[in-house]
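Listed below, chain by chain, are the residues.
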Amino acid sequence: MDREFFASRYETKTDNSFALDDNIMVRGGLTTAGSKMLQNFVSPLQATVVDRLLDAGMELAGKTKIDELAIPTVSEDIFATLSGAAGAVSEGLCRIALCNDVSGKNRRQAPAKGLYYIHPTYGTVSRFGLVPAVSSMDQLGVVCRDIDDGFNVLGIIAGHDEKDFTTFPEKSYSYAPKEGPFRIGIPVNVMEAADEESGNSVNEFAGRLGAEKFELKYFEVLPQVMYILSCAEIGNNTSRYDGIKFGYRTENYSGLNDLYTNTRTEGFRPDMKLATIIGAFVLSKKNYEAYYLKSMKIRRLLREHADELFSRFDAVVMPLRLKDPEPYRNMALYAFATLCGLPSVSIPFGSCGLQLIAQARNENILYGICKGAVKDGI
Amino acid sequence: MEYEVVMGLEVHVELATESKLFCSCSAKFGAEANENVCPACAGMPGMLPAVNKRAIELGIIAGLLTNCEITRTITFDKKNYFYPDLPTGYQITQLYAPICRNGFVEIETGAGKKKIRIKQIHIEEDAGKLVHDYRTGSSLVDFNRAGVPLVEIVSQPDFRSSDEVIAYLEKLRALFSFAGVSDCRMQEGSMRCDVNISVRKAGSKELGVRTEIKNLNSLKAIARAIEYETDRHISAIETGCEELVQETRRWDDNSGETYPMRNKEDATDYRYFPNPEILPVHISEEWISEVKSGIPELPHEKYERLTKEYGLSDYDSKLITGSKNISDIFDRTMEYVNNPKEVANWIIGDLASIAREENVPGDEIRIDCEKFGKVIKMVENRVINRTIGKKVLQLVFREDMDPEIYVRENRLGMIADTGYLEDLVREVIAANEKSVLEYKAGNQKVISFFMGQIMKRTQGKADPAAVNSILKKMLS
C-alpha cells in the first residue's frame, strides 16, 4: 500500500504524522511533482507548511503520489485512480495529508473514502515551497478523517508568510465552529446536471438543513474559463523546466532548440504538453483578448456573483459528480470555489459526499455546519 | 534632398539596490560567476517573488527626476520567452501599470534647449549572462545578473540628431547617478540603450520605416551607429538598391556596421499576462514625499552651490557637476581642504591631466581623497612646491602612496632657505654671463632659463617664488 500511495516514504515513530503531496518540498528530499521532468529533483528548500507542522511536533510520513504537477487535465481520466493523499489517509498510513487541489481530485475523492477535504480561502496558507501549477488558484488544503483534526492542522499551517506575497497579513489563525442556524443555498441548475447518487446526497443534506434554491451563474462556461486560465498559468509556470539548470535533460540534442524541444517532449506527459500549447495559444497576442481576457472577465463576474450569493446565504451546497463522466465537464463543480478563491469543505455524507462553499475567510461557518451535521448524525 | 531623422530611445538602467528585485541575493557587479544565486533567481520551483521595496523607491525617484506622473497602484506582469540566461522562462516586468508615465527631460545641445518627452518608465528584472567557449563549442550561464532590478525609460520619438541622443543620455546619467538611482556605467552594462530610428523627407508628416539598433555599449558607439544607420536609410530611399524593413539590427563596433537580427515576422510573441504571484503595490502620497525628501543633491542644485556659495566659475562648476564621481571627489576632498577654488583647480588641472595620461575616464577616477587633500595642503603650506606636488599626486593616483611619508623619505621638502638659494643663483649667473647680457638687453624669457637651472640643481625642490625674487634682485 505504501508503494501505491507514496512516491517516497519517511520513517515515523508516532501516529501524529502528516503526508505531503509530492509537489510540496522537504529540504534535501526528492520532489518529483509526479513528473519525469523532476524525477531526480532534490529540493534545496523547505515549504513553510512543513516547517510549521514539524515545529508543532508532527512527523513526516511521506510524499504522496500526484498526477503530473497536479494540473487539471482533459484527455486523461484523473478520477480513475485514487489520489495518493486520500489513499494514504484512508488507509491509516498518516493522520492527515496536504495537497494542492486545483484539479478537484481530492475534493471529489476524499468523501468517497469517508474523509473530509478542507480547502481554505486563497491567501490563507503559504505556498512557499509548493511546485507551482496555477499560481492564481494554488492553495494547500487538508485531507483528514476528523473535521476537528483537520481544522486544527489548518490552524497550524495558516498565517502570513513573508516568502509568499499573496498571504493575508494575519499572523495566525485559530478555527472554531460557528453556531447556526445557517442559511444554505442549493443551485438548481447544477443539481440538474448532477449524477443521481451525488444529487441524492446533496438533496438529503439540503432537506435536513433547509436550503433555498438559486441559480449558479456562468456554470455552463466554468470548465472553459477554468481550463483557459489554468493552461495560461501552467504553460508559464512550467517554462522553467527547460533542461538547462535542473531536472530532466534529454540525451538527444544538438543545439539549443533541440535541447528545449526534446527535453520537454520527453519530460512531459501528453496532458501537460496540451496544457502548455493551449496556454501559449490563449496568451498569444492574437488570442489574448478573445480567450484570456474574456475568461478573466468571467472570473471577475463570477466573483461578483459570489458576493451577491453570500449576502443571502451563509454557504452553498454542491454535488461532487456530474451525470457526464468527462473530467473536463466535471471541472465546473470544483471551479466555483477555485476561481473565486473561496473556502470549501468536502463532507463524507451519503454514498459519495458533497461540498459546501462559503464566502472568503468564512471557514468557521463551514466548520460549524460540519459540526452540526456530525451532531445531528447526518 | 533634405532628410530628417526621427529617433526614440529605450534606456535600461540597473537600479543601485543592495539586493535583487525579488530575492535577497546581492545585486553587486563583478562577483565570481554564479556567486550571487539562490533557488529563487535560479528559477527553481517553489520560490515566490518578494518585491524589493527599495527598487520601487528608486523607480519613484527616476520618475520624479524625469517629471513623470507616478502610478498609484502598480502591478507586475510576466513576459514569456525561452533563453538559457532567463532561469524561469519568463521575465517579471510591467506592461499594464508601469510605475511612471508622461514625463519629460530637458536637454541642451549646440542647437539650444529642448524637451524630450518620456512615455513611461517601468521596473523589471534583468536576465543572466551567457558565456560562449568557442574552443569547446559550449555555452556557460552566469545567473549573477538574473533578477537584478532595472528600470526601462521609454522616450517618445522626439530625437532629431545624435547630439540630442547623447545630451539626453548624459543628462539621464547625471540625474540618476547623483540621485543614487543607478551608477549608470555603460561599459559594465548598468546603462544600456536601444535606438529606434527612421528617416523621412524634411517636412514630411509620415514616419519612415523604423529599425531598432541594439548592442550599443558606449556613447561613441551610439553616435556612430546613428550616423551609419541614417546613411543606410537615406541611400535605401534614394537608390532603392535595398528595401528597408521593420527589423531589429545589431551594431558591430568593430566593422562599424549594423546587421539584421530579426524582422517583424519572426518577432517573438511574448505572451504577456498579469503576474498572479505579486499583488498590486499601492504608492501613497506620503510614500512619494518621503522618497522625494531623501533625494540627494542633484547636479543643477550642486551647480548653484558651487557658483553662488563657493564662487567657482561656470566652467569649473559644470565640469565638476558633469560627473557624479568627480563631484564626489570634490566633496570628499573638501572635507580635508576647506578651499573650494584650490580643490577645483587641482581636480580640473592636475588630477584630470594625470587621469588622461593613464587613460582613465572621469567617471572611473579612484583616489583616496584624504591623501589628495594632504598633497594640496602641503603645497598650500609651502612644504613642497607645486611641481613636486603634481609628481606626488601622480604617485598617490597610481600607487596609493601616503604623500607625507613619501615626501619625508625622499626629502622632497621645498628649499626656501634664502641664503642657500642666493648662493645657487650666484653660481648660475656666474656660469652664464651671456644670458645675463641677454636679460639686460630686455629678454625676459631668460628668467625661466635661470629658474630651470636652479630647479635642476635642487631636483625641482626650490621655492619658485623665492628663486624668482632673488633672480630679479641679482640680475638688475
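Residues numbered from 1 in each chain as written. Chains lettered and ligands numbered in written order. Predicted model: local features only at pLDDT ≥ 70, side-chain atom pairs only at ≥ 80, totals over all residues.

## Topic: the overall build of chain B
Summing up its helical and strand segments, chain B has 15 helices and 16 strands in all. For a compact globule of 476 residues, the expected C-alpha radius of gyration is about 23 Å, and chain B comes in at 29 Å, more than 25% above that figure. Along the three orthogonal principal directions, the C-alpha set of chain B runs to about 90 × 55 × 55 Å. Residue burial in chain B is summarised as follows: out of 476 residues, 39% are buried. Sequence separation of 24 or more characterises 69% of the internal contacts of chain B that already satisfy a separation of 6 or more. (Helix = DSSP H or I, 4+ residues; strand = E, 2+ residues; numbered from the N terminus. Rg over C-alpha atoms; globule rule 2.2 N^0.38 Å. Buried ≥ 20, exposed ≤ 12 C-beta atoms within 10 Å, placed from the backbone. Contact = placed C-beta atoms within 7 Å.)

## Thoughts on the overall build of chain A
The number of helices and strands found in chain A is 13 helices and 11 strands. Against the compact-globule benchmark of 21 Å for 378 residues, chain A has a radius of gyration of 20 Å, which places it among compact chains. Evaluated residue by residue, chain A yields a buried proportion of 58% over its 378 residues.

## Points about the nonpolar core
Counting 198 residues, the largest nonpolar core has A:Phe18, A:Val89, A:Ala97, A:Val143, A:Ala315, A:Val317 and B:Val195 as the members making the most contacts within it. Ignoring anything within four residues of it in the chain, the contact list for A:Val89 reads A:Cys94, A:Ile96, A:Ala97, A:Leu115, A:Val143, A:Cys144 and A:Arg145. Judged by nonpolar contacts, the second largest core, of 41 residues, contains B:Ile388, B:Leu393, B:Phe450 and B:Val467. (Core = buried A, V, L, I, M, F, W, Y, C linked by C-beta atoms within 7 Å.)

## Some remarks on the sheet that holds strand β4 (residues 77-80) of chain B
Residue and element names in this part refer to chain B. Spatially, 3 strands are ordered β5-β4-β15 in an open sheet, and the strand pairing comes out antiparallel. In the strand order of this sheet, the two ends are held by β5 (90-93) and β15 (273-274), each with one partner. Judged from the 4 bridges that link them, β4 and β5 form a sheet pairing that is antiparallel. Residue pairing across strands places Asn80 opposite Tyr90, the latter belonging to β5. (Pairing = 2+ DSSP bridges.)

## Some thoughts on the confidence of the model for chain B
On average, residues of chain B score 93 in pLDDT, and 100% of them reach the 70 mark or higher. Across the interfaces of the predicted complex, the ipTM metric reaches 0.95, alongside a pTM of 0.89. (pLDDT = per-residue confidence, 0-100.)

## Description of the domain arrangement of chain B
All names here are of chain B. In terms of domain boundaries, chain B breaks down into domain 1 (3-286), domain 2 (297-409) and domain 3 (418-475). Contacts between the two partners involve 6 residues from domain 1, matched on the other side by 6 residues from domain 2. Counted by class, the side of domain 1 that touches domain 2 contains 4 nonpolar, 1 polar and 1 charged residues. (Domains from an automatic or database assignment. Nonpolar A, V, L, I, M, F, W, Y, C, P; charged D, E, K, R; others polar.)

## Remarks on the interface of chain B and chain A
By a widespread convention, an interface's size corresponds to the accessible area lost as its parts come together. Contacts between the two partners involve 26 residues from chain B and, on the opposite side, 33 residues from chain A. Considered class by class, the residues forming the side of chain B that touches chain A number 17 nonpolar, 5 polar and 4 charged.

## A closer look at the domain arrangement of chain A
Residues and elements named next belong to chain A. Segmenting chain A into domains produces domain 1 (2-214 + 315-375) and domain 2 (220-302). In this structure, domain 1 and domain 2 have C-alpha centres spaced 24 Å apart. Counting residues at the interface gives 29 residues for domain 1 and 24 residues for domain 2. In terms of residue class, the side of domain 1 that touches domain 2 is made up of 19 nonpolar, 6 polar and 4 charged.

## Here we look at the sheet that holds strand β1 (residues 3-14) of chain B
Residue and element names in this part refer to chain B. The 9 strands lie next to each other as β2-β6-β7-β10-β1-β11-β12-β13-β14, forming an open sheet whose pairing is mixed. Only two strands of the sheet have a single neighbouring strand rather than two, namely β2 (69-70) and β14 (257-263). In the sheet, strand β6 (residues 100-109) pairs with strand β7 (residues 112-125) via 9 bridges, with the strands oriented antiparallel. The residue bridging Thr109 from the neighbouring strand is Gly112, located in β7.

## A few points about the packing of helix α8 (residues 222-237) of chain A against helix α12 (residues 327-340) of chain A
Residue and element names in this part refer to chain A. With their axes 7 Å apart at the nearest point, α8 and α12 run at an angle of 70° to one another. Viewed along their axes, α8 and α12 adopt a mutual orientation that is roughly perpendicular. Here α8 contributes Leu222, Pro223, Val225, Met226 and Tyr227 to the contact with α12, which in turn contributes Tyr328, Arg329, Met331, Ala332, Ala335, Phe336 and Leu339. Of the residues in the contact of α8 with α12, the class split is 11 nonpolar, no polar and 1 charged. (Axes fitted to C-alpha atoms, helices over the stretch in contact; angles between N-to-C directions. Parallel < 35°, antiparallel > 145°, perpendicular 65-115°, else oblique.)

## Looking at the pairing of strand β9 (residues 138-142) of chain B
All names here are of chain B. Here strand β8 (residues 129-133) pairs with β9 via 5 bridges, running antiparallel. Counted as the bridge partner of His132 is Ser139 from β9. Adjacent in sequence and paired antiparallel, β8 and β9 are bridged by 4 residues, among which Gly137 carries a positive phi angle near 75°.

## With respect to the environment of B:Thr458
Residue and element names in this part refer to chain B. Along the chain, Thr458 falls in the loop between α14 (446-457) and α15 (464-475). Overall, the presence of 17 C-beta atoms within 10 Å leaves Thr458 in the partly exposed class. When the C-alpha positions of Thr458 and Ile415 are compared, they lie 7.8 Å apart, and in sequence the two are 43 residues distant.

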